[in-house]
Amino acid sequence: MPPIESQTQMALTPATPGGLGGPTAGAANTVSLSMLIEFLLQKTYHEITVLAELLPRKTDMERKIEIVQFASRTRQQFVRVLALVKWANSAAKVDKCGSISSFLDQQALLFVDTADQLAKMAREVLVNARLPNFSIPQAVDVLTTGSYPRLPACIKEKIIPPDPITATEKATTLSRLNQILQHRLVTIDLPPQLANLSIKDGRVRFLVPHEFEATLTLMGDDPTIPWRLLSIEILVQDPETGDGKALVHSMQVNYIHQLIQSRLFDDDKQLLDLYNCLHSFCQSLQLEVLHSQAQRLIRERWGEHVTIHKYSAGQCLTLDYWRAQNFHADKFKRETYMLTVCIDQHDSSKPLQVQHQPTLSTEEAQQADQAIKCDQLSIEKLLVQTVKVRSKAKLQELKSVLETEMPELTVILEVSTPVLIVAVLQPCAQSELLSISVDLQTGTLQPSLPYCDGSLTEDLEQCLNTNLTNLDQHITKIRYHLGLERCYRTVSSLPCHCTKKLPLLPISDDHPLKKISQHKLFIHFTRHSNYYLVVELLQNTRDSEINYKYYLLYVRSTNYPLAAHVDIDTSDQFLQPINLIPINPHSVSHGPETTLQDDDMYLGQKRKLQLKDQSEPSSKVVRYSHDIPYFMSELGHVVAMCDGRIPFIGLCDELSLFGICHQGVQVEGEGLGLSVKLVSMPPCEGIPSDISDALIKSVLDCSIRLQGKTNRTWLVHFIFSECPLPSSTSNHREQGDIRHTYLQYDSQFGQNYTPVLQHLLHDWQAIAHLYTLVVDLANHAQDMIHGIGSLFEVKSYNFRKLTLAYGKDRTSIVTIYWQPTDGKFHLNLGVVGPSSTANCHSVVLPQLEQELNQHKNLPYLVQILNDTQSPLQAICKLPMIPMLGSQTRPLAPWQTFTIMPQSSTHIRIAFRSIYCLDIQCKGKNMIAIRDGAYSLFDISKVVEAFTPTPGLKSFLTMFVDESVTQARRRSISEDDNPPSPIGMDTMDTFMTQTSTASPMSRSGGFAHPMTPPSNPATPASPHGSVLSTGQQYGMSPGPSVYPLASPPSIPSAITPSPILGTPSPGTLLTTSSPSSMVHEPSPGSFVPAPSPTSMGIHMSMSSPASSFMQSMEGGSPYPNLGITMPSPSARTWAGSPSIPGPSPATRHGMVHSPGNPAMMHSPGGATTSTIQQPIMTSPPFRILPQRSWAASIPTLLSHEALHNLFTPSPPPFVSGGPSAYMCCPMERFLGSVFMKRHLHRVIQTDDSLQLMTTNEPGVIQFQTDSLQCRVNFNPNTLQTLHLKLTPKPETKDNWTQEELQILEKFFETKVVCPPFKANALTAFGRLLGAPRAILKDCVQIMRLELFQDMSLKWTVQWCLTIPPSAPPIAPPGTPAVVIKNKVLFFIQLTRIGVNLPVQTEPQTIVVPIIHDIQSNNTQQADVTLRNTPTPQVATAISNMLRRWSEMNAHTGECTIYAAVRELMANLVLPH
């Protein structure tokens, strides 16, 4: 059925017979099918509604009849609609034909109508159509001549003007007219005011500047012909108010023009009348302009200070000015100042005249009248110029008065501007000069002085304008004010502020403050709240100078004493003056701290030249200072001196309180600064007296200085001699025996100096504590026998910090310093040079600091750092970044390796918080490693939260190299030849040959931070039943109450041996041994044995570091660090009285473990003398059987072996693929153990897998419906797991060898490979338990992954866990295989065979596949169609699998492999 849209425009009514039923008409008579159906439904609904309302009123039979009729009628309507819908299939063709027919009819109608219109036009319109005659002559003229000569001549006469005269005729006529004008001017009387004329172009132009310009001519050469006035221009202007407009209206100009022209016709002296008339008019106009300017000036600017006294139009203008000064003067001294501008009554031809009252001198009048004669007519300029002249005269009179009454003043009258300059002080700056001027408007004298109070200038102004008798007093006040202002401006940039009054408590009359004059200033030091500088000002009237005196005032804040009669606010703080010290400014400015240039030296040659030029210099010359005049250098030096010395005064007081001897405040060099030198430093507590005395004697000098301006810092400078450690650095400061040490302390202004001295004493203690360690290190470094100088290099030693470089290439550094706050030594680690990694000792930094603070032995620390560097570098190579998906909870991050330092030489490493390795550095290129899950004190107990690692002993044995093989062989020799009990004399002999114990054995070692030691009263000790319990057991002092091992109680008749041998129970086949028939070691043989010191045997010591400087082969330099490992040489005869005897190892200098031939741990098991004896050879070591507790016995490895164990490397015999993931052998081994452990859980939780019993250790055997599976370690490397598949007898024919090998290889390279995902193994276990047909198809998919088919478009990868890019079915990392009634798994397809640009990844998609076991149908999971980032790709894959499933009939075989291969071969994704 065609779409409904084609039916919406269908015509429901036929076309009209007249042919008008075309598309336009048809469209108007159509209705859409949807609207028709809607109408029908509404009609039906309406009828039903009507029936529902009417039927209840009718009988039953009538209701039935109505209902039947309604049903029949409605059915017929819907049948018609149905027929119409069916007819609509062909309605499009019918409609198209109808449209064509209508179009053809319309075209035919147009042709007929055209013929009718043409016929009507021919019969009616064209009958009366006519044309006029053609203008042939005119056309011929235009076409032949290009013109039309037949126009009437009157048109030319009316439009075209006559031809003008030529230029030659015009020039001749004007030249003749110029001659006539010259002749007429020569022959008549010409007024002298019109002498400025010019003749040009037959015109004469008369110009009177600033008045008018007139242009005349003559109409002929007859002398009687009058002048003809051509134009008049009035030149009088008002530039201030005219705005460029003419002052005379054009009508007025025309009237004047007519008036003058009439006089030119009648008068004999024509030009004279012309001048008089225009000159009189222009002068009247000028007076009018000046009058208007004066009115505007009064209204806008001058106000009541100027008035128009009189104005007569065309005669004069009089102004009154300086009217306000009469308000201050007496009525007998009042004067009237007037200015008059008028026309000269005697000679009207002269310009405007200016008259002054009072009368001015001739010179002054000439200066004032210049303003009226300028180019711009301005009454304001005339008034200002007049006021200037009168101001100068007034100031000259005041100058004479000042010079007479106060000759010490220097007074200068400025010529250009009427200002009187008075130098109140000497020397005086420009900004300190008193300027007296005259107000232009009021005429009063106005003084001006910068930085002066308004009250002073107001009083001075009142005095100048009224009475000059008190003028000297006002000048004195100004002089004091300027002196104070100089002080203000001097200290404005200094750290202080000024005030004129202080809230002082009442003082007595004889107090020094009462004797200071009232002109004084208090300068408060902002950095020192209790100190003020008092500046007293004294006048020197002889030379107009101010003298200054200075006092230092020390005050103390206090409250006002309560008194009933005092009416003040007692809550405010008041100051109580304590001490007032006068200061000699000359000693300050010329003392050792400051050097000032003498004036004679400063002026130099300039003063000499002045003396040559002038016989006696004038005393009236104003002296200007060469420096900033208002900056008082003397005051600045005084303030700086006080500000600099006050802190030292407080510091000296604090030093005296602390009992530190000093030499007081001293000036260094030539005023370079201040310092306080200490005589000696106090001794430090906790430091030996000899060391403290040596340190104090080595201090050559100790100076305390103050640095900084805003943030002040105390700098303490120590100079030490006889540095105990030479530095190898290139810094010149640390070369030689003299060392400089600087200490800095920040100090807030005004605070107490006690914290500064406390910090100084704390730093002195830090220097002393570090010096104690350095002296000890220097002594051992110089010891040639047990010297350790080759183990380190001193990079820096400044008595505060010691920086040592250690290691093979000296690339690792450690900085030792004492922290006074917590009273401990602290270490900072770093690297220098070509080191690519961080300092490996960072992981044990807290342990190193704890040990250093406990034993305070730098040689021991250096030995520890060198011996543990290589093992820690190997440990730091382990991955410690948390990973997702490694455990069964995929979204929980798990750390692969966790390093847990127990001490500086004892480290525990946890693998995924399940397995634990216990590593102890033994020194001499050896480490001991064991399973950390076993307790150190009882191997039958497991540490909480850890699981023993099966096979660890065998795996570690593979890394034992040749350096420890000989020790293992000698251990076997001891097992084959057990020692026999000996007497006490042998023990005594051994005691005399034993070497000194380590400093750790003397101090008792550290407390172990892990499993607490077992109680000696418990039966865990194997010696508790055979030894006497009444004998006291000697313990070395330590932090723990009980020893780490359970020591036996030794009878008084037996001397305990420092070495208790424990042979292998398998070799002790005696009848008294309870374990003689069983080849298993006794648990007691692995119980930690006590050290010799813990048994009460105290050995002599020649050096604090002698224990680790002995050249013992494989011995431990730190036998008792609080972590007592099971002694491999501890031997106990079962059932015997435990009589100790020397081990055979004492004859060869070695101590070996029978349970672990590679383990050595005996303090003093060898001496220097025994090292030189030849080592005995023994048969090769035996292979130990695997036991659950075997890994609890430490295995000795070299540092190189540890690096090989912890360095990432590809797995052996594997190249490429995920199995070649770079990780260390230990991670592969532990990961394989983890996967093997998880396999047990998978077998137990999966019903399709059945665990089988086996006698082979380390092997997991289980079976499925058709296969028997065997999982075990690779016996050659113990780093990988291998799967061996064997078909059951009843299903042997269903499996080929190739399929089994593919499963085995997939297990090894894709499942149990790094990063060892537990959920991947879970998914693989589910695959093994799947039905055989499904498993075989899965094997084929694995074959395509392992062996790629390059002929296909895509490669496949089996997703054992859900990848992050997969559809959100489950969290990423979840097992990606689910087998129930349906099978769900994920594959990843990667596009191949396409040339991609460089650095462009190929296209990759993740496809979830679901297989229905019952219907044998394989499709994409529907969940991918929603919430997927690429719905087009998911739709394409679903459609492809659906078409493939429909086209391929089910043959009974599983369709998983076929469907996946179809995708790999033919999948094309949309772009």
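Residues numbered from 1 in each chain as written. Predicted model: local features only at pLDDT ≥ 70, side-chain atom pairs only at ≥ 80, totals over all residues. Heavy atoms only, no water.

### As for the overall build of the chain
Now for step 1: Assigned secondary structure in the chain consists of 33 helices and 42 strands.
Now for step 2: When burial is assessed residue by residue, the chain has 46% of its 1471 residues classed as buried.
Now for step 3: Taking as baseline every contact in the chain between residues at least 6 positions apart, the subset at least 24 positions apart corresponds to 61%.
Now for step 4: Summing over all exposed atoms, the chain offers an accessible surface of approximately 77,200 Å²; the carbon and sulfur share of this is 54%. (Helix = DSSP H or I, 4+ residues; strand = E, 2+ residues; numbered from the N terminus. Buried < 20%, exposed > 50% of the residue type's maximum accessible area, 1.4 Å probe, protein only. Contact = heavy atoms within 4.5 Å. Areas by Shrake-Rupley, 256 points an atom, 1.4 Å probe, with all protein chains shown as cover.)

### Structural notes on the packing of helix α8 (residues 270-302) against helix α10 (residues 379-405)
Helix-helix packing is characterised by the crossing angle of the two axes and by the distance between the axes.
Now for step 1: Relative orientation of the contacting elements α8 and α10 amounts to 65 degrees, with a least axis distance of 9 Å. In terms of their interaxial angle, α8 and α10 are classed as roughly perpendicular. Contacts between α8 and α10 pair Leu290, Gln293, Ala294, Leu297, Arg301 and Trp302 from the former with Ile379, Glu380, Leu383 and Val384 from the latter.
Now for step 2: Of the residues that constitute the contact of α8 with α10, the class distribution is seven nonpolar, one polar and two charged. (Axes fitted to C-alpha atoms, helices over the stretch in contact; angles between N-to-C directions. Parallel < 35°, antiparallel > 145°, perpendicular 65-115°, else oblique. Nonpolar A, V, L, I, M, F, W, Y, C, P; charged D, E, K, R; others polar.)

### What about a nonpolar patch on the surface?
Now for step 1: A surface patch of nonpolar side chains, about 570 Å² in accessible area, is lined by Val142, Tyr148, Leu151, Ile155, Ile159 and Ile160.
Now for step 2: Along the chain, Ile159 turns up in helix α5 (residues 153-159). (Patch = residues over 30% accessible without salt bridge, like charges linked within 9 Å, V, L, I, M, F, W, Y side chains within 5 Å. Salt bridge = Lys/Arg side-chain N within 4 Å of Asp/Glu carboxyl O.)

### Quick notes on the packing of aromatic side chains
Now for step 1: Enumeration according to the criterion identifies 20 aromatic pairs in this entry.
Now for step 2: Between the aromatic rings of Phe720 and Phe799, the centroid separation amounts to 3.9 Å while the plane-to-plane angle is 10 degrees, which identifies the pairing as stacked. Highlighted residues: Phe720 in strand β21 (residues 713-720) and Phe799 in the loop between β23 (792-797) and β24 (801-806), separated in sequence by 79 residues. Across the pair, Phe799 and Phe720 agree in class, each one buried.
Now for step 3: Here a set of aromatic residues connected by ring pairs shows up, and it is made of Phe718, Phe720, Trp764, Tyr771, Tyr797 and Phe799.
Now for step 4: Across from the ring centre of Trp322, 5.6 Å away, lies the NZ or CZ of Lys394, which sits over that ring. (Phe/Tyr/Trp six-rings, centres within 6.5 Å; stacked < 30°, edge-to-face > 60°. Lys NZ or Arg CZ within 6 Å of the ring centre and 35° of its normal.)

### Some details on helix α30 (residues 1318-1328)
Now for step 1: Most of α30 sits inside the fold, with 10 of its 11 residues counted as buried.
Now for step 2: Taken residue by residue, α30 has Ala1318, Asn1319, Ala1320, Leu1321, Thr1322, Ala1323, Phe1324, Gly1325, Leu1327 and Leu1328 as its buried positions.

### Considerations on the nonpolar core
The nonpolar side chains of soluble globular proteins are, as a tendency, buried together.
Now for step 1: Core analysis: the biggest nonpolar cluster contains 164 residues, and Phe718, Leu802, Ile816, Leu1205, Phe1206, Met1226 and Leu1389 have the highest contact counts within it.
Now for step 2: Per element, the largest residue contribution to this core is 15 residues, and it comes from helix α18 (residues 754-782).
Now for step 3: Setting aside residues no more than four positions away along its own chain, Phe1206 makes contact with Ala874, Ile875, Lys877, Leu878, Ile909, Leu917, Ile919, Cys1224 and Met1226.
Now for step 4: Among the nonpolar cores identified, the runner-up in size contains 101 residues, and Leu278, Val289, Leu402 and Leu482 belong to it. (Core = buried A, V, L, I, M, F, W, Y, C linked by side-chain atoms within 4.5 Å.)

### Quick notes on the pattern of salt bridges
Opposite charge on two side chains makes pairing possible when the charged atoms of those side chains draw close.
Now for step 1: Here the structure, examined in full by the defined rule, presents 22 salt bridges.
Now for step 2: Notably, a salt bridge pairs Asp918 with Arg908, separated by 2.9 Å at the nearest N-O pair. Linking Asp918 in strand β31 (residues 915-923) with Arg908 in strand β30 (residues 906-911), this pair joins segments that are 10 residues apart in sequence.
Now for step 3: In this structure, Arg1461 engages Asp1349 in a salt bridge whose closest nitrogen and oxygen atoms are separated by 3.4 Å. Here Arg1461 is found in helix α33 (residues 1456-1466), whereas its partner Asp1349 is found in the loop between α31 (1332-1346) and β38 (1354-1359), with 112 residues between them in sequence.
Now for step 4: With relative accessibility at 30%, the residue Arg1461 sits in the partly exposed group.

### A closer look at the sheet that holds strand β10 (residues 419-423)
Now for step 1: Read across the sheet, four strands follow the order β9-β10-β11-β12 without closing on themselves; strand pairing throughout is antiparallel. The two strands at the open ends of the sheet, each matched to only one other strand, are β9 (410-413) and β12 (445-448). Going from strand to strand, the sheet's axes swing by 20 degrees on average, the running direction of each strand aside.
Now for step 2: Here strand β11 (residues 434-438) pairs with β12 via four bridges, running antiparallel. By the bridge assignment, Ser435 is partnered in β12 with Ser448.
Now for step 3: Against the sheet, α10 makes contact with β9, β10, β11 and β12, and its axis sits at roughly 165 degrees relative to β9, the strand it touches most. (Pairing = 2+ DSSP bridges.)

### Thoughts on the sheet that holds strand β19 (residues 673-678)
Whenever strands of a sheet pair, they do so through backbone hydrogen bonds, lying parallel or antiparallel.
Now for step 1: Taken in spatial order, the five strands line up as β18-β19-β20-β21-β22 in an open sheet, and their pairing is antiparallel. The open sheet has two free edges, formed respectively by β18 (662-668) and β22 (739-746), since each of these has just one partner strand. Between one strand axis and the next, the sheet turns through 25 degrees on average, direction left out of account.
Now for step 2: Contacts from helix α17 (residues 689-698) reach β20 (699-707) and β21 within the one sheet, and its direction differs from that of β20 by about 65 degrees.

### Overview of the confidence of the model for the chain
Now for step 1: Here the chain shows a mean pLDDT of 77. Residues at 70 or above account for 76%.
Now for step 2: Low pLDDT (under 50) marks residues 1-27, which in the prediction has 31 contacts with non-local residues, meaning those over four places away or in another chain.
Now for step 3: Counted against residues more than four places away or in other chains, residues 563-567, with its pLDDT under 50, gives one contact. (pLDDT = per-residue confidence, 0-100.)

### Things to note about the side chain of Thr1361
Now for step 1: On the secondary structure map, Thr1361 appears in the loop between β38 and β39 (1378-1379).
Now for step 2: Among residues more than four places away in sequence, those in contact with Thr1361 are Lys1317, Asn1319, Ala1320, Gly1373, Thr1374 and Ala1376.

### Thoughts on the state of the cysteines
Now for step 1: All chains considered together, the criterion is met by zero disulfides.
Now for step 2: With no disulfide of its own, Cys342 has Cys316 as its nearest cysteine by sulfur position, at a separation of 6.4 Å.
Now for step 3: For Cys342, a relative accessible area of 10% puts it in the buried group. (Disulfide = S-S within 2.5 Å.)

### Things to note about the packing of helix α29 (residues 1297-1311) against α31
Now for step 1: Interhelical geometry of α29 versus α31 gives an angle of 60 degrees and a closest axis separation of 9 Å. As judged from the angle between their axes, α29 and α31 are oblique. As α29 runs across α31, the sense of the crossing is left-handed. Here α29 contributes Glu1298, Glu1299, Ile1302, Leu1303, Lys1305, Phe1306, Thr1309 and Lys1310 to the contact with α31, which in turn contributes Leu1335, Lys1336, Val1339, Gln1340, Met1342, Arg1343, Glu1345 and Leu1346.
Now for step 2: Classifying every residue of the contact of α29 with α31 by side-chain character gives seven nonpolar, two polar and seven charged. (Left-handed = near helix turned anticlockwise from the far one by under 90°.)

### Some remarks on unusual backbone geometry
Now for step 1: Between Gln357 and the following residue, Pro358, the backbone shows a cis peptide bond with an omega angle of -5 degrees.
Now for step 2: A cis amide bond, omega 10 degrees, links Pro1314 with the succeeding residue Pro1315.
Now for step 3: Positive phi, normally seen in glycine, also occurs at His210, with a value near 65 degrees.
Now for step 4: With respect to the helices, strands and loops of the structure, His210 is situated in the loop between β2 (203-208) and β3 (212-217).
Now for step 5: Overall, His210 belongs to the partly exposed group, its relative accessible area being 35%.
Now for step 6: At Lys924, a position not held by glycine, the phi torsion is positive, near 55 degrees.
Now for step 7: Within the secondary structure, Lys924 is located in the loop between β31 and β32 (926-931).
Now for step 8: Classification of Lys924 by relative accessible area gives partly exposed; the value is 39%.

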